[in-house]
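Below, each chain spelled out in residue letters.
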Amino acid sequence: MMKKFMKAVTIFSAIAMVSTTLAGCSSAKNEGNDAGKTIKIGVNMELSGAAGAYGQAEKQGIELAAQEINKAGGIKVGKTKKKVQMIYRDNKTSTTDSASVASKLVNNDKVVAVIGPATTNAGTAAIPNITKAKVAAISPSASDYKYTLQKDGSVQPYVFRTEYQNNFQGKVVANFTNNTLKAKKVAIIADKSTDYATGLTKEFKKDFRGKIVQTEYYTAGDKDFNATLTALKSKDFDAIYIPGYYSEVGLIVKQARQMGINQPIVGTDGMADPKLIQIAGKENANNVYYTTPFSKIAAASDKKASNFMKNYQAKYNEEAPTFSALGYDTVYMVKKAIEQQGSANSVKIAKGLAKIKNFKGVSGTISIDKKHNPQKTISIEEIQGGKVTKAYKVK
């Protein structure tokens, strides 16, 4: 009897060891998060706080794309189609909240991809948690050139973006100021509180061929720029370069024009929001130029972009802003990655995103390079009389 019992124990142990080994193999094979009945996509977004307008605009583009995809039956995964389920969480434009949101999305909600955050600082704070869970995060608008890179210069395996990086747009702005505006002397007013603005300032100074007559700094949240502008008014300059977000730049435009400073004001995509004109006032929004990854004027001749603008207007009863176009394209890039891989596993999605080439988005044709940056065109919009009147397209 004892021999039979020992034999049974031995057999049972052997089965258990095989089962454990197989389970281990299965676990190793299925790294990251997998889709269930739906494809859960997390949105780590600045829905409130200093960058809330960007996040809300991106959310509207994201919602439109998700609605279209589900209306068409969902995303093809192998031989089946699964609908997408967007899970929104507000990071409040806070690095601490962004890290927490990332953890909840990948560990509690079990999303297979994350869209956002909108800003570089919040996006960088989320990287450790999404990387540990092996879930790709693709930001529609984080633009600091180091965002997708590790400290040693190698690429972050799970970090991507839809928008071009700052060193590219900084160079484009400098060349535009040199060649199109014919400016020889420039004054700079820059936001010192963000990597976004300090990086753009550095790039502009490197590429502008003329003279920088003076550089002044402000901090996000500042309201009164009269002292800075008064100091600049006595200087001899041809244009003002202001890398920053619309909330402060709009006030600078308003106060500069009211003070009689009428030289061209040149900036970057942080100004690419209708609220810039609202804050500055239509009567003050003249001779203003800024880079943007999506120009309604430039997009009018593109069928896909035109359809997006039409559908956006129908859904939200307003014109599609730049950041909505970026959010929209980002959802479709995730869809493209899933269909290319034939899998909605988060690790596979990251591999698919890295292989995207010639993706036809509403913000341009996008190819992801080896540093997970999009290769795409850039536009510079001109504001006169409180309206966007012209777009310059740069390849």
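These figures come from a predicted structure and were not determined experimentally. Every chain begins its residue count from 1, and numbering advances along the sequence as written. Local features in a predicted model are, by the rule used here, given only for residues with pLDDT of at least 70; side-chain atom pairs are given and counted only at 80 or more, and totals for whole chains, interfaces and linings are based on all residues. Hydrogen atoms and water are omitted, and side-chain values are computed over all heavy atoms in the structure.

A. The packing of helix H5 (residues 166-179) against helix H6 (residues 195-207), seen in detail. To get an axis, a line is fitted to the C-alpha atoms, and for a helix only the part in contact is used. The angle between two axes follows their N-to-C directions and goes from 0 to 180 degrees. Helical segments are the DSSP runs of H or I of at least four residues, strand segments are the runs of E of at least two, and each set is numbered from the N terminus. Closest axis-to-axis distance for the H5/H6 pair is 8 Å, and the angle between their directions is 45 degrees. With respect to their mutual orientation, H5 and H6 come out oblique. Remark: the crossing between H5 and H6 carries right-handed chirality. Contact residues: Asn166, Asn167, Gln169, Gly170, Lys171, Val173, Ala174, Thr177 and Asn178 in H5; Tyr196, Leu200, Glu203, Phe204 and Asp207 in H6. Residue composition of the contact of H5 with H6, by class: five nonpolar, six polar and three charged. Oblique is the label for any angle not under 35 degrees, not over 145, and not in the 65 to 115 range, which are roughly parallel, roughly antiparallel and roughly perpendicular in turn. The handedness criterion is simple: a crossing whose near helix is rotated anticlockwise from the far helix by less than a right angle is left-handed, and one whose near helix is rotated clockwise is right-handed. Here, two residues are considered to be in contact whenever any of their heavy atoms come within 4.5 Å of each other. Polar here means any residue outside two lists: the nonpolar Ala, Val, Leu, Ile, Met, Phe, Trp, Tyr, Cys and Pro, and the charged Asp, Glu, Lys and Arg; Gly therefore counts as polar.

B. A look at the packing of aromatic side chains. A pair of aromatic rings is counted whenever rings of Phe, Tyr or Trp (Trp by its six-membered ring) have centres within 6.5 Å, and the orientation is called stacked for planes under 30 degrees apart, edge-to-face for over 60 and tilted otherwise. Within the structure shown, the criterion is met by 15 aromatic pairs. Centre to centre, the rings of Tyr196 and Tyr245 are 5.0 Å apart; their planes meet at 15 degrees, and the pair counts as stacked. One end of the pair, Tyr196, is in helix H6; the other, Tyr245, is in the loop between strand S10 (239-242) and helix H8 (246-258), and 49 residues separate them in sequence. For Tyr196, a relative accessible area of 5% gives the class buried. With a relative accessible area of 18%, Tyr245 lands in the buried category. Working rule: Lys NZ or Arg CZ, within 6 Å of ring centre, within 35 degrees of ring normal, means a charge sits over the ring. Above the face of the Tyr88 ring, Lys59 is positioned so that its terminal group lies 4.9 Å from the ring centre. When the ring centre of Phe359 is taken as reference, the NZ or CZ atom of Lys304 above it lies at 5.5 Å. Classification of residues uses two cut-offs on accessible area relative to the type maximum, computed with a 1.4 Å probe and protein chains only: under 20% is buried, over 50% is exposed, and between them is partly exposed.

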